[in-house]
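Survey of secondary and tertiary structure
Given next are the chains, with one letter for each unit.
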Amino acid sequence: MPVPSDIDIARAATIEPISALTERIGLLPDEVIPYGHTKAKVHLDALKRIGARPKGKYIDVTAITPTPLGEGKTTTTIGLTQGLGKIGKNAIAAIRQPSMGPTFGIKGGAAGGGYSQVVPMDEFNLHLTGDIHAITAAHNLVAAAIDARWYHESRLTDDELSSLGLTRLGIDPFKLQWNRVVDINDRTLRNVIVGLGGRADGRPRETGFDITVASELMAILALVDGDSYASALRNLRERVGRVVFGTSKDGKPLTLEDLGVAGAVTVLMKDTLHPTIMQTLEGQAAMVHAGPFANIAHGNSSILADRVALHLGDYVVTESGFGADMGMEKFMDIKCRTSGLTPDCVVLVATVRALKTHGGGPKVVAGRPLDKVYTEENLALLNAGMNNLEAHIKNAKRFGVPVVVAINSFPTDSWAEINLIKEKALKAGASDAVLAEHWAKGGEGAVELAEAVVKACEEPNEFSYLYPLNMSITDKINIICRDIYGAGDIEYSPLAAQQIREFEEAGFGYLPICMAKTHLSISHDPAMKGAPTGYTVPVREVRASVGAGFIYPLLGEMRTMPGLGATPAYLKVDINDDGDVVGLF
């Protein structure tokens, strides 16, 4: 049977009033901040009451190395949550808030798809409860404060600054690490010159724009922890104060505390701490909170949302961005290390399409028709790409956690292809490998997956991190490159080597590593498909997100401001006479 469009499915859904849902899962009225009838925020003080309850099982959904089309992690996350509901389990999903850049670009929305969605999907994909807007305002306040301080220090003497209660920061404009942000794909803003027009308009300098979800403030929101609103607010304030935005001309790191803007930034972000709650098509709760980039940041939803969900549900299903070499590794080594929470199971999403790509299939390009090798049975091509699946299973098991492979099916997949993936996954050490049809069948199509996950969550779990924090920065980078990526050697540019020395001298060497690289390969090179080994990883630059709490090496050119294609998704988006959004997917 043909499956209607995502927006048509969402619009036909019966949506329970959010007040009824929050009551049903055990929240009190004063622990809920309503945003209309279909979404709300959960006040973090709910943790004071529910925090004594036992924690539920913690499941991370990740994937093999994806194509540019994505392999359905969010859809699987929602489908699995619905499937757990079908077998009588109290399950809650916890996912990131989507950026409106991809929503109006090529990718479209991020509420799941088919009959496994968070609803209302139009509200989910657009403004939600305003967190991204608050981060945009807070981030741009910092940018304005930097330029204002640089401008005024250029025209005032030390005595004049002192009379105003200020000390000279001596900002080096060539070593600033803080662009402005906007939550729209706009390549023309990647590189700009500000301060044109005359002395009263500021001092000219080169800078640029990132997309809002690439802001360090977004990464901070996702890593804030606490057992109440007050403790989370303190943690947010401390992290914001530690953010390094650049250096002085004598090489001293400059923080938002030095700039005097950390308090105001915290004020603008204070309400973002409360996670948003919505629902799946089948009535399970879905926590939607934070949306950090999955390449230059850690690409996981918030610790706070997970913590609330784990005390309300028996099973919490969260999702890591991109493939297991990216989001899952960062989930384990950064998010879990920060929270102290550890997963009971990893779900690895695989598709016939992506595995054929790794077997040497033609390039997959978003917005263009698929080559026929992806829609016709081709066991040889599929088998050639299995090393990617095997590598990701091995990497997940390296953390001591059971792995279940979810084969996200498409109508053109053959049974022979599905069975080949099952066979290879089990041989590689997966606890189970099951066909998942949640996109077309909702929770009913994920019952087998749900049963496999419940069983895996009861298996012995010997969770461990990939590296200790007291290692040097280079040792930690080397372990990730060799053990997760399969590299033979790591080559540091002179700039990267210098930056590492400076970070360790500044006392930042204890931080975990957040690798910034392509998501289209386990390696640093998107052209290397499958499971490459023995190659050299070039580390061209190393940066620090001290407020968020990680070091991020750049293994290639990272785009932090996407562009729009020739036929972006917004061309189909409109509103009808009844005020309903149409064309969103």
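Residues numbered from 1 in each chain as written. Predicted model: local features only at pLDDT ≥ 70, side-chain atom pairs only at ≥ 80, totals over all residues. Heavy atoms only, no water.

**What about the overall build of the protein chain?**
What the protein chain contains, in helices and strands, is 22 helices and 24 strands. Along the first, second and third principal axes, the C-alpha set of the protein chain runs to 75 × 55 × 50 Å. Residues counted as buried form 59% of the 585 residues belonging to the protein chain. Sequence-distant contacts in the protein chain: of pairs separated by 6 or more residues, those separated by 24 or more amount to 75%. Accessible surface, the protein chain: about 22,600 Å² in total, of which carbon and sulfur atoms supply 52%. Side chains of the protein chain carry 57 positive and 68 negative charges; the gap between the two charge centres is 3 Å. (Helix = DSSP H or I, 4+ residues; strand = E, 2+ residues; numbered from the N terminus. Buried < 20%, exposed > 50% of the residue type's maximum accessible area, 1.4 Å probe, protein only. Contact = heavy atoms within 4.5 Å. Areas by Shrake-Rupley, 256 points an atom, 1.4 Å probe, with all protein chains shown as cover. Lys, Arg positive; Asp, Glu negative; His and termini not counted. Charge placed at Lys NZ, Arg CZ, Asp CG, Glu CD.)

**Things to note about the side chain of arginine 190**
Here arginine 190 is to be found in the loop between strand E7 (180-182) and strand E8 (192-194). Buried and unpaired, arginine 190 has aspartate 186 as its nearest opposite-charge partner, separated by 8.1 Å. Reaching out from arginine 190, the side chain makes a polar contact with the backbone oxygen of methionine 561 at a distance of 2.8 Å. Discounting residues that sit within four places of it in the chain, arginine 190 has contacts with Thr207, Gly208, Phe209, Arg559, Met561, Pro562 and Gly563. (Salt bridge = Lys/Arg side-chain N within 4 Å of Asp/Glu carboxyl O. Polar contact = N/O pair within 3.5 Å; in protein donor to acceptor, adjacent residues only side chain to side chain.)

**Thoughts on the pairing of strand E18 (residues 432-436)**
Looking along a regular strand, one sees the side chains alternate between the two faces of the sheet. Of all five residues in E18, four are buried, a share of seventy percent or more. Between the parallel elements strand E17 (residues 403-408) and E18, the chain passes through helix H18 (residues 415-427) in a crossover that is right-handed. (Right-handed = clockwise from strand over helix to strand, strands pointing away.)

**Remarks on the packing of helix H13 (residues 303-312) against helix H14 (residues 324-339)**
Between two packed helices, the angle of one axis relative to the other and the distance separating the axes together describe the packing. Remark: H13 packs on H14, axes separated minimally by 10 Å, with the N-to-C direction vectors making an angle of 60°. It follows from the interaxial angle that H13 and H14 lie oblique. Judged by the sense of rotation from one axis to the other, the crossing of H13 with H14 is right-handed. Residues Ile303, Asp306 and Arg307 of H13 pack against Lys335, Thr338 and Ser339 of H14. Each residue belonging to the contact of H13 with H14 can be placed in one class, and the counts come to one nonpolar, two polar and three charged. (Axes fitted to C-alpha atoms, helices over the stretch in contact; angles between N-to-C directions. Parallel < 35°, antiparallel > 145°, perpendicular 65-115°, else oblique. Left-handed = near helix turned anticlockwise from the far one by under 90°. Nonpolar A, V, L, I, M, F, W, Y, C, P; charged D, E, K, R; others polar.)

**Quick word on helix H17 (residues 386-398)**
Over its 13 residues, H17 runs 18 Å from end to end, which matches the ideal 18 Å to within 8%, given 1.5 Å per residue. Taken residue by residue, H17 has Met386, Asn388, Leu389, Ala391, His392, Ile393, Asn395 and Ala396 as its buried positions. Taken from the residues just after H17, glycine 400 is the one with a positive phi, measuring 80°. (Expected span 1.5 Å × (residues − 1).)

**Some points on the state of the cysteines**
A covalent bond between the sulfur atoms of two cysteines is referred to as a disulfide. Within this structure, the stated rule accounts for zero disulfides. No disulfide involves cysteine 481; its sulfur sits 13 Å from that of cysteine 514, the nearest cysteine. (Disulfide = S-S within 2.5 Å.)

**Quick look at the pattern of salt bridges**
By the definition in use, this model includes 24 salt bridges. One salt bridge in this structure joins arginine 11 and aspartate 122, with 3.9 Å as the shortest N-O distance. Of this pair, arginine 11 sits in helix H1 (residues 6-12) while aspartate 122 is found in helix H6 (residues 121-125), placing the two residues 111 residues apart along the sequence. For aspartate 122, a relative accessible area of 17% translates into the label buried. Where glutamate 71 meets arginine 353, a salt bridge forms, and the shortest distance between an N and an O atom there is 3.2 Å. Of this pair, glutamate 71 sits in the loop between strand E3 (57-63) and helix H4 (73-86) while arginine 353 is found in helix H15 (residues 352-358), placing the two residues 282 residues apart along the sequence.

**Re the pairing of strand E22 (residues 550-554)**
Most of E22 sits inside the fold, with five of its five residues counted as buried. Here E22 shows no split at all, with Phe550, Tyr552 and Leu554 on one side and Ile551 and Pro553 on the other all buried. Pairing of strand E21 (residues 541-545) with E22, which is carried by five bridges, proceeds in the antiparallel orientation. For valine 542, the partnering residue across the bridge sits in E22 and is proline 553. (Pairing = 2+ DSSP bridges.)

**Observations regarding the environment of leucine 435**
Along the polypeptide, leucine 435 turns up in strand E18. Separated by 386 residues in the primary sequence, leucine 435 and arginine 49 have C-alpha atoms spaced 39 Å apart. When near neighbours in sequence (up to four residues on either side) are disregarded, leucine 435 contacts Ile407, Ser409, Trp415, Ile418, Lys422, Gly445 and Glu448.

**Thoughts on unusual backbone geometry**
Omega for the bond connecting valine 119 with proline 120 falls within 30 degrees of zero, at -5°, which places this linkage in the cis form. With respect to the secondary-structure elements, proline 120 resides in the loop between strand E6 (116-119) and H6. The residue phenylalanine 322 is not glycine, and still its phi comes out positive at about 60°.

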